[in-house]
Amino acid sequence: MKIIVTGGAGFIGGNFVHYMLKEHPEYQIICLDKLTYAGNMETLEPVMDNPNFTFVKADIADRDAVYALFEKEKPDVVVNFAAESHVDRSITDPGIFLQTNIIGTGVLLDACRIYGIKRYHQVSTDEVYGDLPLDRPDLFFTEETPLHTSSPYSASKASADLLVMAYHRTYGLPTTISRCSNNYGPYHFPEKLIPLMIANALKDKPLPVYGKGENVRDWLYVEDHCRAIDMIIHKGRVGEIYNIGGHNERTNLQVVKTVLKELGKSEDLITYVTDRPGHDRRYAIDPAKIHAELGWEPLTLFDEGIKKTVKWYLENREWWEHIISGDYQQYYEKMYKNR
Ligand code: NAD
Ligand code: DAU
């Protein structure tokens, strides 16, 4: 089996590359990644010598480069993780989100149509469903929940999903889509809530909590997401959408306090800052379909997962310190100064 993994130098794609080479050592994995600010070769360093792993630097929206790769490699499966993924960046600069997340997905789908494929899997997000009210804990996102996006990021991801569904219906392309809740774990870029709070707390810097910290996210350990995608590409029904989540809802404030407790740092570091425009209130996935059809369920509960994550950031300081010592500092200034 030969799999092209796009966005494999990022957080979840990188974890997926490691997971697949471990679980299926006979598979060939080709990572196609543009290496944007979020792509990091240090994440792939442990597998660069593996003869079954190849890295190709390219943009998924570059039609010539993508077609050339498909012509050369003739992959069996494509798993598309490549995306601009940060909601806050989509609010300040939406254009690149449309380019990569929509146009790039369209180019990959065309390549699959032209060169043939056994499966195209689109890594989507629960954000395409919009949000749920805080006072209705009985409500969850199912695969039938209408698309109702809030940010340029989620709108671009929903657009990509619609393209995938259209290529399945019109061209019979064998596609699947997964919509996962918030991931956490190793190699998570420090612009996102959990690694940002770990990095700031370790440097005794203020922890910027948006609004009152009451927004709710449904956290899943990244390896559980990788296992779900592995199951979907092998056993998932073509043309279907699968929600992925582990019923693990926490307010942002609860998450930040847990991180501080794990690190033995004071809650005095918490600073409330101006809220994110259009901030989604609550995400909550109903994973009944993937559980019933594929037998998937999360294996790492939050208490254990957050301990493993904090330990990883403590043991891999170089990985994230390289990031926060570069261009990231300008981003941080722009996003958080005077907020
Ligand atoms: P990330 O930002 O950490 O990584 C994105 C990767 O894609 C980087 O390696 C980057 O270099 C690459 N990339 C960006 N633009 C590209 C382009 N034009 N061509 C080729 N490569 C490009 O993202 P992530 O958090 O790992 O998310 C991966 C996917 O999972 C995304 O599609 C995201 O929408 C989805 N998702 C993320 C979460 C989460 O909690 N992080 C949850 C559900 C779904
Ligand atoms: O739900 C899946 C989505 O989860 C993915 O599709 C996105 O790619 C991924 O980035 C993530 O989106 P969120 O916006 O939920 O993640 P983020 O880590 O940016 O923020 C999580 C929550 O924490 C959110 O309510 C905003 C809040 N927050 C975030 C940051 C960075 C803060 O309070 N302070 C911060 O500094």
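Residues numbered from 1 in each chain as written. Chains lettered and ligands numbered in written order. Predicted model: local features only at pLDDT ≥ 70, side-chain atom pairs only at ≥ 80, totals over all residues. Heavy atoms only, no water.

A. Representation of the site of ligand 2 in the model. Around ligand 2, 23 residues are found, and the nearest of them are D126, Y153, R276, H279 and Y336. In this structure, an oxygen atom belonging to ligand 2 sits 2.8 Å away from a side-chain N or O atom of N252. Contacts to ligand 2 include R276, whose side-chain N or O atom sits 2.6 Å from an oxygen atom. Compared with its free state, where it exposes 690 Å², ligand 2 has 94% of that area covered by protein. Sorting the residues of the shell around ligand 2 by element identifies α7 (193-202) and β8 (207-210) as the ones contributing at least two each. If you tally residues by element for the shell around ligand 2, the top one is β8, at 3 residues. (Near = heavy atom within 4 Å. Polar contact = N/O pair within 3.5 Å; in protein donor to acceptor, adjacent residues only side chain to side chain. Areas by Shrake-Rupley, 256 points an atom, 1.4 Å probe, with all protein chains shown as cover. Helix = DSSP H or I, 4+ residues; strand = E, 2+ residues; numbered from the N terminus.)

B. Here's a closer look at the site of ligand 1. In the vicinity of ligand 1 lie 28 residues, with I12, D33, S85, Y153 and K157 positioned nearest. Here a nitrogen atom of ligand 1 and a backbone polar atom of K34 are 3.0 Å apart. The set of elements that each furnish at least two residues to the shell around ligand 1 consists of α1 (11-23), β5 (119-125) and α6 (152-171). Here the shell around ligand 1 gets 3 residues from one element, more than from any other, and that element is β5. Split by residue class, the shell around ligand 1 holds 13 nonpolar, 11 polar and 4 charged. (Nonpolar A, V, L, I, M, F, W, Y, C, P; charged D, E, K, R; others polar.)

C. Inspection of the packing of α7 against helix α9 (residues 252-263) at higher detail. Close contact between α7 and α9 brings their axes to 10 Å; oriented N to C, the two are set at 40°. It follows from the interaxial angle that α7 and α9 lie oblique. Viewed along their axes, α7 and α9 form a crossing whose handedness is right-handed. Where α7 abuts α9, its residues L193, I194, M197, I198, A201 and L202 lie against N252, V255, V256, V259, L260 and L263. Here the residues of the contact of α7 with α9 are counted per class, giving 11 nonpolar, 1 polar and no charged. (Axes fitted to C-alpha atoms, helices over the stretch in contact; angles between N-to-C directions. Parallel < 35°, antiparallel > 145°, perpendicular 65-115°, else oblique. Left-handed = near helix turned anticlockwise from the far one by under 90°. Contact = heavy atoms within 4.5 Å.)

D. Structural detail: the sheet that holds β5. Read across the open sheet, the 7 strands follow the order β3-β2-β1-β4-β5-β6-β11; overall the sheet is parallel. Here the strands that pair on one side only, and so sit at the sheet edges, are β3 (53-57) and β11 (241-244). The average undirected angle you get between the axes of adjacent strands in this sheet is 20°. Bridging between strand β1 (residues 2-6) and strand β2 (residues 28-33) involves 5 bridges; their strand directions are parallel. If you follow T6 over to β2, its bridge partner there is L32. Packing of helix α8 (residues 222-235) onto the sheet brings it into contact with β1, β4 (77-80), β5, β6 (175-180) and β11, and relative to β5 it is tilted by some 145°. (Pairing = 2+ DSSP bridges.)

E. Here's a closer look at the environment of V123. Along the chain, V123 falls in strand β5. The spatial distance from the C-alpha of V123 to the C-alpha of L193 is 20 Å, given a sequence separation of 70 residues.

F. Inspection of the pairing of β6 at higher detail. For β6, the tally of buried residues reaches 6 of 6 residues, placing the bulk of the element in the interior. Alternating positions in β6 separate into two faces, T175, I177 and R179 on one and T176, S178 and C180 on the other, with burial throughout. Relative to β6, β5 runs parallel, the two sharing 6 bridges. Paired with S124 across the strands is R179, a residue of β6. The parallel pair β5 and β6, bridged by α6, forms a crossover whose chirality is right-handed. Bridge count for β6 against β11 is 4 bridges, and the pairing is parallel. Each bridged residue has a counterpart across the sheet, and for R179 the counterpart in β11 is N243. (Buried < 20%, exposed > 50% of the residue type's maximum accessible area, 1.4 Å probe, protein only. Right-handed = clockwise from strand over helix to strand, strands pointing away.)

G. Region of the structure containing helix α11 (residues 302-315). The end-to-end C-alpha separation of α11 is 19 Å, in line with the 20 Å expected for 14 residues at 1.5 Å each. Of the residues making up α11, those classed as buried are F302, G305, I306, T309, V310, W312 and Y313. Summarising the axial view, the buried residues of α11 lie within an arc of 155°, below the 170-degree limit, and thus occupy one face. Relative to its buried face, α11 has exposed residues pointing more than 90 degrees away, namely D303 and E315. Buried-residue contacts for α11 involve β7 (183-184), α7, β10 (220-221), β12 (249-251), α9 and α12 (317-324). (Expected span 1.5 Å × (residues − 1). Arc of directions from axis to C-beta.)

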